[in-house]
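A look at the structure
Chain by chain, the residues:
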Amino acid sequence: MPSLPRCRRAQLLVLLPFLLLAGSGVFAAEPRPFDARYHLEVDGWPNATIEHRLSRDGTQWLSDMRADITLAQGRERSRFLADGAVRSLHYASGYSLLGVGKRYALDREALARLPDRQAALFELSRRATAARCAAPCRLRYLDHRGRETLVEYRLLPRTALSLPAGEFEAVRVEVVEPDEPDRRLRFSFHPGVPGLLLAMEYHRDGERRSRLSLTELDLPPR
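Residues numbered from 1 in each chain as written. Predicted model: local features only at pLDDT ≥ 70, side-chain atom pairs only at ≥ 80, totals over all residues. Heavy atoms only, no water.

A word on the pattern of salt bridges
Our working definition: For salt bridges, the criterion is a side-chain nitrogen of Lys or Arg within 4 Å of an Asp or Glu carboxyl oxygen. Only DSSP runs of H or I reaching four residues or more are called helices, and only runs of E reaching two or more are called strands; each is numbered from the N terminus. Remark: exposure states derive from per-residue accessible area (1.4 Å probe, protein chains only) relative to the maximum for the residue type, with buried under 20%, exposed over 50%, and partly exposed in between.
Applying the stated rule across the entire model yields 22 salt bridges. Among the salt bridges present, the one from glutamate 152 reaches arginine 138, with a minimum N-O distance of 3.3 Å. Linking glutamate 152 in strand β8 (residues 148–163) with arginine 138 in strand β7 (residues 137–142), this pair joins segments that are 14 residues apart in sequence. Note on glutamate 152: relative accessible area 24%, which makes it partly exposed. Arginine 209 is the salt-bridge partner of glutamate 207, the closest N and O atoms lying 3.7 Å from each other. Its relative accessible area of 48% is what places glutamate 207 among the partly exposed residues. Bridged by salt links that share partners, the residues Arg154, Glu174, Arg184 and Arg186 form one connected network.

Looking at the confidence of the model for the protein
In plain terms, the rule: Think of pLDDT as the predictor's per-residue confidence, scored from 0 to 100. When checking whether two residues touch, look at their non-hydrogen atoms; a contact exists if any pair is within 4.5 Å.
Across the protein, the average pLDDT comes to 84, with 84% of residues at or above 70. Confidence drops under a pLDDT of 50 for residues 1–28, and excluding neighbours within four residues, the segment shows 111 contacts in the predicted structure.

Observations regarding unusual backbone geometry
Not every positive phi belongs to a glycine, and aspartate 205 is a case in point at roughly 55°. Considering the arrangement of structural elements, one finds aspartate 205 in the loop between β11 (197–204) and β12 (207–218).

Okay, structure coming up:
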């Protein structure tokens, strides 16, 4: 789950990997693997294709997001446990913009107290599906540099979405940073597949600045 961007370049770098939160409770569905592909539109940048794969490795789950467009590439990976509360085990990310790039990594020790932002996105989807929130709804996670980040969120009414990948019922949640109330991320999640994002919109100063839509989905049978 990303920090809300402060400039156009930061917006792209955040949205590419996720673009893109710990707790426990009763959840509506168990994790399951999937492969998803998205179309990303960002004001002032070429459109991009985002890929997200969630796979299982024994008792652990691996989340892998990546993007590649004309000017930039990004990838973000997370390994975590999802038995009740989400527990991050390892995180790695990297990006390249106009030939200049950086890489980041967080180990189990660094992630002992809070999840990384990939695991946090998974956790946010479960919280939204369970519709459990003690106001104000808050979630803490570590960003790609290992800095603690606090976001507030509110649940929005469920809605039907017509996307290139098909027709879906969507669980929706709006996320803001307390010190940036004019910048909002609105996520639409699949109600039966934790971590599966259907759509996303980024709004700033009352205007939509970027949009993500699910175009392809491979969801193996249970």
